[in-house]
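# Tertiary structure, described
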Amino acid sequence: KQEVTQIPAALSVPEGENLVLNCSFTDSAIYNLQWFRQDPGKGLTSLLLIQSSQREQTSGRLNASLDKSSGRSTLYIAASQPGDSATYLCAVGGSRLTFGEGTQLTVNP
Amino acid sequence: NAGVMQNPRHLVRRRGQEARLRCSPMKGHSHVYWYRQLPEEGLKFMVYLQKENIIDESGMPKERFSAEFPKEGPSILRIQQVVRGDSAAYFCASRTSGRENNEQFFGPGTRLTVL
């Protein structure tokens, strides 16, 4: 049974700082890994999708890496802004997604 | 191209009533997933459907819950005789046909409150 763990559970940083969110999974037989953002009371916004054959994806200030052999992914956020404050979710799978419990990020002005 | 649409956005039911949640996938998407997010918990897979077929319902509670995705119209998640423990946010996601690792796009969710 796939299990996904995200560390840390919560993170508070000053504006402008670079930061790393971590995601680990127990079963390396995955098709893809997605990072999402969830704002309070809202739905999920897909940030980055990494296929199993890829090692990283970049979008703007975001960079996500995938190491299937070690069962890990990281989401790197450069030059953080208060608008980045949200819960970040990692999900692995193929058809059905298994989610971590998220990292709640607060970026202070 | 509109995204995944869900309605209602908020639904209040009393214990014992029925709840019907609707999901319209993105245009051209024929694969639909339902996930549930209980308070203070992560999202959990419930059911995966294609048009007129249930592909995987391994995450669905055995009683009171059912889902369908008819040939015409939205996908429906139906909860009969709701209980307080059903209070949660229910999210629908859709993807295109083809590879199973195609990106899933999520709707805004339906927040169900059972009084």
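Scroll up a little and you will see the structure.
Structural notes, computed from the coordinates. This one's a predicted model, so the numbers in the text were calculated from it and none came from an experiment. (Residues numbered from 1 in each chain as written. Chains lettered and ligands numbered in written order. Predicted model: local features only at pLDDT ≥ 70, side-chain atom pairs only at ≥ 80, totals over all residues. Heavy atoms only, no water.)

### Some points on the overall build of chain B
For clarity, the cut-off: Per the convention used, a helix needs a DSSP run of H or I reaching at least four residues, while a strand needs a run of E reaching at least two, with both numbered from the N terminus. Two things to know: the radius of gyration comes from C-alpha atoms, and the globule rule equals 2.2 Å times the number of residues to the power 0.38. Contacts: residue pairs with any heavy atoms within 4.5 Å of one another. Throughout, the Shrake-Rupley method with a 1.4 Å probe supplies accessible areas, and for residues the shown protein chains are the sole cover considered. Working convention for charge: Lys and Arg count positive, Asp and Glu count negative, and His plus the chain ends are omitted. Where a charge sits is defined by one atom per residue type, namely NZ (Lys), CZ (Arg), CG (Asp) or CD (Glu).
Along its length, chain B carries zero helices and eleven strands. For chain B, the succession of helices and strands along the chain, N to C, is β-β-β-β-β-β-β-β-β-β-β. Relative to the compact-globule value of 13 Å for 115 residues, chain B shows a C-alpha radius of gyration of 13 Å, a close match. Based on the C-alpha atoms only, the size of chain B along its principal axes is roughly 40 × 30 × 25 Å. Considering only contacts in chain B between residues 6 or more positions apart, those separated by 24 or more positions represent 52%. Surface summary for chain B: the accessible area is close to 5,900 Å², and the carbon and sulfur share equals 46%. Charged side chains in chain B number 18 positive and 12 negative. The centres of these two groups are separated by 6 Å.

### Points about the sheet that holds strand 8 (residues 75-79) of chain B
All names here are of chain B. Heads up, the rule is: Strand pairing follows a simple DSSP-based rule, namely that at least 2 bridges must link the two strands. To get an axis, a line is fitted to the C-alpha atoms, and for a helix only the part in contact is used. The angle between two axes follows their N-to-C directions and goes from 0 to 180 degrees.
Taken together, the four strands give an open sheet; going across it, the order is 1-3-8-7, and neighbouring strands pair in antiparallel fashion. One side of each edge strand has no neighbouring strand; the edge strands of this open sheet are strand 1 (5-7) and strand 7 (65-68). Mean inter-strand twist for the sheet, computed between neighbouring axes without regard to direction, equals 15 degrees. Sheet topology places strand 1 next to strand 3 (residues 19-24); three bridges connect them, and they run antiparallel. The residue of strand 3 that forms the bridge with Asn-7 is Arg-22.

### Observations concerning the state of the cysteines
Where we set the bar: Two cysteine sulfur atoms make up a disulfide if the distance between them is within 2.5 Å.
A complete count under the given rule lists two disulfides over all chains for this structure. Covalently, A:Cys23 is tied to A:Cys90 through a disulfide, its sulfur atoms 2.0 Å apart. The sign of the S-S torsion, about -55 degrees, decides the handedness of the disulfide formed by A:Cys23 and A:Cys90: left-handed. Of this pair, A:Cys23 sits in strand 3 (residues 19-25) while A:Cys90 sits in strand 9 (residues 86-93), and the two are 67 residues apart along the sequence. Residue B:Cys23 pairs covalently with B:Cys92 via a disulfide, S to S 1.7 Å. Residues B:Cys23 and B:Cys92 share a disulfide whose torsion about the S-S bond is about -50 degrees; that sign makes it left-handed.

### Here's the deal with the sheet that holds strand 7 (residues 62-67) of chain A
Residues and elements named next belong to chain A. Read across the sheet, five strands follow the order 1-3-8-7-6 without closing on themselves; strand pairing throughout is antiparallel. At either end of the open sheet lies a strand with only one pairing partner, and these are strand 1 (4-7) and strand 6 (56-59). On average, each strand axis in the sheet is tilted by 15 degrees relative to the strand beside it, whichever way the strands run. Across four bridges, the pairing between strand 1 and strand 3 is antiparallel. Note that in strand 3 the partner of Thr-5 across the bridge is Ser-24.

### Overview of the side chain of B:Ser87
For clarity, the cut-off: Nitrogen and oxygen atoms within 3.5 Å of one another constitute a polar contact, given that in protein one can donate a hydrogen and the other can accept it, and given that sequence-neighbouring residues count only through two side-chain atoms.
Mapped onto the secondary structure, B:Ser87 falls in the loop between strand 8 and strand 9 (88-95). There is a polar contact of 2.9 Å between the side chain of B:Ser87 and the backbone nitrogen of B:Val114.

### What to know about the pairing of strand 3 of chain B
Residues and elements named next belong to chain B. To keep things clear, this is the line we draw: A simple rule labels every residue: compare its accessible area, found with a 1.4 Å probe on the protein chains alone, to the largest value its type can have, and call it buried under 20%, exposed over 50%, or partly exposed in between.
Alternating positions in strand 3 separate cleanly, Ala-19, Leu-21 and Cys-23 being buried on one face and Arg-20, Arg-22 and Ser-24 remaining unburied on the opposite face. Across five bridges, strand 3 lies against strand 8 in antiparallel orientation. Directly across from Leu-21, in strand 8, lies its bridge partner Leu-77.

### Observations regarding the packing of aromatic side chains
Inclusion rule: Within 6.5 Å between ring centres, the rings of Phe, Tyr and Trp (the latter by its six-membered ring) count as paired, and their orientation is classed by plane angle as stacked under 30 degrees, edge-to-face over 60, tilted in between.
For the coordinates displayed, the defined rule picks out eight aromatic pairs over all chains. Each ring, one from A:Phe36 and one from B:Phe106, has its centre 5.2 Å from the other, and the planes form 80 degrees; the classification is edge-to-face. Of the two residues, A:Phe36 is situated in strand 4 (residues 32-38) and B:Phe106 in strand 10 (residues 105-106); the pairing between them involves two chains. Just as A:Phe36 is buried, B:Phe106 falls in that class too.

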